[in-house]
Amino acid sequence: MSEKALFELLKKFAVYAGEVSLPYYGKIASSSKTILIHEKLREFPVTALDHGIQELLLAELMRGGFSDVAFNGEEESHLKFFFRTDYDNGVTVHCDPIDGTTSFVSGKKPYCTGYAISRARKGKHEFFSSVVYDPLRKVQYSSFKNEASMHVKSKKIPKTFAGLHGLNSAGKKKLADLSYTHVDTGNAHLAIIDVALGKIGAYLHYPIHVHDALIPFSFARYYGVLPYDGKGNRLDAFTLSHSPSGFSRIPKLGFFANDSIRDDLLSIMMDPKFSG
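Parameters and conventions
Residues numbered from 1 in each chain as written. Predicted model: local features only at pLDDT ≥ 70, side-chain atom pairs only at ≥ 80, totals over all residues. Heavy atoms only, no water. Buried < 20%, exposed > 50% of the residue type's maximum accessible area, 1.4 Å probe, protein only. Helix = DSSP H or I, 4+ residues; strand = E, 2+ residues; numbered from the N terminus. Pairing = 2+ DSSP bridges. Contact = heavy atoms within 4.5 Å. Disulfide = S-S within 2.5 Å. Axes fitted to C-alpha atoms, helices over the stretch in contact; angles between N-to-C directions.

Student: What's the story with the pairing of strand β11 (residues 202–205) in this structure? I'm lost.
Tutor: Look at any regular strand and the pattern is simple: side chains alternate between the two faces of the sheet. Of the two faces of β11, the one holding Ala202 and Leu204 and the one holding Tyr203 and His205 are both buried throughout. Judged from the 2 bridges that link them, strand β9 (residues 160–162) and β11 form a sheet pairing that is parallel. Residue pairing for β11: Phe161 is matched across the bridge by Ala202. Direction of pairing for β11 relative to strand β16 (residues 253–256): antiparallel, over a ladder of 4 bridges. Counted as the bridge partner of Leu204 is Gly254 from β16.

Quick look at the structure:
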């Protein structure tokens, strides 16, 4: 299997998925799906397009001769039957058909479509490729191993952060006391990309889905940004636990645009009294 050919397929498909979805931006209703998280059932929005785009990608991978990969997609699909289910060895394709479903349904905030490739050895996952396409701006962000699409990186990084999930009121107050302001990006992938490009100071979210956190990981790494976990460890590879639909959520993860912002915010993310 050619990993580069797989990457090129995902780049082309991401644009196609953006073109397919854009006419329905703000014009389609969502339903809800129930997911078991930390022994609690939670509901998340989903549209017919989430399912449809994932089905199209699975079919495209089969036609392209890539059914020997494992597939991590958050939606249910009968086509997953044709792909490997061993996530702890070999190559896995990760798919988020529409990141920012609530934004997509409202038609008021950005959304994107995102994909990644990882390689696992003895349960350790290395994410070496990202493909994220912003249909509204018609911009693609991509990376493959030591290469990436070129974008301007801001030299003046604002004291802003995206993502509020996991912070309690005390944590939010602590950030405000440090003069950080929250920005609502509408989705995780573009927020992490904005951190990598210095447009946002940080992205904090916990717990977080693997596809939300790690689809843009390879791109962020190319631009010098690696995430930290809730113990203060800088992460370059990941040991991921399984759920019935693929991977369990990552307990805590934060992306920081520079060391100064990391020093301000990492201790807050690590402190249990600011979580909940």
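So, next bit.
Student: Which parts of the structure should I look at to understand the side chain of Ser129?
Tutor: The residue Ser129 is located in strand β6 (residues 124–134) in this model. Not counting residues up to four positions away in its chain, the partners in contact with Ser129 are Phe7, Tyr115, Ala116, Ile117, Ser143, Phe144, Ile215 and Ser218.

Student: So what exactly am I meant to see when it comes to the pairing of strand β3 (residues 70–73) here?
Tutor: On β3, burial covers both faces: Ala70 and Asn72 on one face and Phe71 and Gly73 on the other are all buried. Examined bridge by bridge, β3 and strand β4 (residues 90–99) share 4 bridges and lie parallel to one another. Across the sheet, residue Gly73 finds its bridge partner in β4, namely Cys95.

Student: How should the state of the cysteines be read in this particular structure?
Tutor: As used here, a disulfide is simply a covalent bond connecting the sulfur atoms of two cysteines. Enumeration according to the criterion identifies 0 disulfides in this entry. Lacking any disulfide linkage, Cys95 is separated from the closest cysteine sulfur, that of Cys112, by 11 Å. On the basis of relative accessible area, Cys95 is assigned to the buried category, the value being 0%. Owing to a relative accessible area of 0%, Cys112 belongs among the buried residues under this scheme.

Student: I keep staring at the sheet that holds β9 and nothing clicks. Help me out?
Tutor: The strands making up a sheet associate through hydrogen bonds between their backbones, and the pairing can be parallel or antiparallel. Taken in spatial order, the 5 strands make up an open sheet running β10-β9-β11-β16-β12, and their pairing is mixed. Two strands in the sheet have a free side with no partner beyond their single neighbour: β10 (181–182) and β12 (228–229). With 2 bridges connecting them, β12 and β16 associate as antiparallel partners. The residue bridging Tyr228 from the neighbouring strand is Gly254, located in β16. Contacts from helix α5 (residues 188–196) reach β9, β11 and β16, with the element oriented near 140 degrees to β11. Here helix α8 (residues 259–270) sits on the sheet in contact with β11, β12 and β16, set at roughly 170 degrees to β16.

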